[in-house]
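Architecture and fold: a report
Listed below, chain by chain, are the residues.
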Amino acid sequence: MSEPKSEFLRNFIARGYFHQCTDLEGLDSVALGGGLTGYIGFDATAESLHVGNLVQIMLLRRLQQAGHRPIVLMGGGTTKIGDPSGKDDSRKLLGPDDIARNIAGIQQTFARFLSFGNGPSDAIMTNNADWLDELAYIPFLRDYGRHFSVNRMLSYDSVRLRLEREQPLSFLEFNYMILQAYDFLELSRRQNCLLQMGGSDQWGNIVNGVELGRRVDNRGLFGLTTPLITTAGGAKMGKTAAGAVWLNPDKLSPYDYWQYWRDTADADVGRFSPICPWMKSRGWSSPGAGNQRCQNSPGDGSNGLGSWPGRGGCGSRDGPPDLWRGWGRQRSAAHRNRPRRPGARYCRHRPFPSRRSCREQERGPPADQGRRRAGERSGARQRCCHPD
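The notes below deal with the structure included here.

What counts, and where the lines are drawn
Residues numbered from 1 in each chain as written. Predicted model: local features only at pLDDT ≥ 70, side-chain atom pairs only at ≥ 80, totals over all residues. Heavy atoms only, no water. Salt bridge = Lys/Arg side-chain N within 4 Å of Asp/Glu carboxyl O. Helix = DSSP H or I, 4+ residues; strand = E, 2+ residues; numbered from the N terminus. Buried < 20%, exposed > 50% of the residue type's maximum accessible area, 1.4 Å probe, protein only. Core = buried A, V, L, I, M, F, W, Y, C linked by side-chain atoms within 4.5 Å. Contact = heavy atoms within 4.5 Å. Patch = residues over 30% accessible without salt bridge, like charges linked within 9 Å, V, L, I, M, F, W, Y side chains within 5 Å. Areas by Shrake-Rupley, 256 points an atom, 1.4 Å probe, with all protein chains shown as cover. Axes fitted to C-alpha atoms, helices over the stretch in contact; angles between N-to-C directions. Parallel < 35°, antiparallel > 145°, perpendicular 65-115°, else oblique. Left-handed = near helix turned anticlockwise from the far one by under 90°. Nonpolar A, V, L, I, M, F, W, Y, C, P; charged D, E, K, R; others polar.

**As for the pattern of salt bridges**
A pair can form between side chains of opposite charge whenever their charged atoms are brought close. Per the stated rule, a full pass over the model turns up nine salt bridges. Here Glu 173 makes a salt bridge to Arg 162, at a shortest N to O gap of 3.0 Å. Of the two residues, Glu 173 sits in helix H9 (residues 171-174) while Arg 162 sits in helix H8 (residues 157-164), which places them eleven residues apart along the sequence. On the basis of relative accessible area, Glu 173 is assigned to the buried category, the value being 2%. Note that Asp 217 and Arg 189 form a salt bridge whose closest N and O atoms lie 2.7 Å from each other. One end of the pair, Asp 217, is in helix H11 (residues 203-217); the other, Arg 189, is in helix H10 (residues 176-191), and 28 residues separate them in sequence. Counted as one network, the salt bridges with shared partners bring together Asp 157, Arg 160 and Glu 164.

In structure tokens, the structure reads:
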């Protein structure tokens, strides 16, 4: 189709978010008219979201910035089952107390990115346990189960891949896609929600919801997905040798969070760029691009993300100070006020002091490091890690 006319879809495609849509022209027409309501669901499997969820959080933020209303759906009901998508084995079943504690921890994240309230474009947070816990099994199967084809459900990747690898798939997990489809139908009735968004691994579940709305209520619903972001080596974004990169500071220290972005490889900058909400789209390539360097990168061997969490992103200083938890700024202020170590080299562009510049660190320690005394300079000439 031609270029979308609505602001939301133009930005969505220009920034590399787009992967699939059930009806792009129809969605563009609805978005152009204003007042579009869309949602993304988040299961409460842990007390914090991780950086792999940032793409979906930014989608909701973009939707609100375009004048539409985002809904954050907490999976208080579906968490009791567990989404089989992208998993080789069953998720650990959590009790009601664990789920409630996880939801309380996750809610902290969204307040930093979305504006909640009662206005026409204010975000809403709801819990699917409000309606899933009240379902009666036999009436639910009779009214809604008859609209799902087992043949088609077996063809979805979340099920097919598990069966091909001869890995167990419980009947409980098999029902997950039915409940997610029902969530879409219920939100369309309660909040006039017409759009469900998610990662490409959720495509089958989203399509089921669109079809269920059409068959039961004759409603025109839409599904929109983003590509899954992986590193150049094929690993999932946000996964490290030490575990997940959590968003809540009580799960991961500010220093380790900042260091994760500082250590991003050049080949991954273009892939991770959709997460940065205030960067101009011309400054980076799409997440599926290969070895691309951000155009705002200083060009000195660093990746351009060193100042991202605290100063906007990719060398930009126009980012909202409340985003990214202000970690870079807090850490920088703490180091400016701390007692200086004798002989330490400080760069005004970096929040962390170092005895050697970025270039020297890449070359390894000087040969005479063991004989260095406080205040001495040895090895290569000290240089600022960023050009003026």
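So, next bit.
**Details of the nonpolar core**
Side chains of nonpolar character tend, in soluble globular proteins, to be buried together. With 77 residues, the main nonpolar core has Phe 8, Val 51, Phe 110, Met 197 and Leu 224 as its most contacted residues. It is H10 that contributes the most residues to this core, nine residues altogether. If sequence neighbours within four positions are ignored, Phe 110 has contacts with Phe 42, Leu 49, Ile 57, Leu 60, Val 72, Met 74, Phe 116 and Met 125.

**Brief notes about a nonpolar patch on the surface**
A contiguous nonpolar patch, built from Tyr 137, Ile 138, Leu 141 and Phe 171 and spanning about 460 Å² of accessible area, is present on the exposed surface. Position of Ile 138 among the secondary structure elements: in helix H6 (residues 137-143). We classify Ile 138 as exposed; its relative accessible area is 59%.

**As for the packing of H10 against H11**
How two helices sit against one another is set out by the angle between their axes and by the gap between those axes. For the pair H10 and H11, the least separation of the axes is 8 Å and the interaxial angle reads 55°. On the basis of the axis angle, H10 is oblique to H11. Like other packed secondary-structure pairs, H10 and H11 cross with a definite hand, here right-handed. Across from Tyr 176, Met 177, Gln 180, Ala 181, Tyr 182, Phe 184, Leu 185 and Arg 189 in H10, the residues of H11 making contact are Asn 205, Ile 206, Asn 208, Gly 209, Val 210, Leu 212, Gly 213, Val 216 and Asp 217. Among the residues forming the contact of H10 with H11, the class breakdown is ten nonpolar, five polar and two charged.

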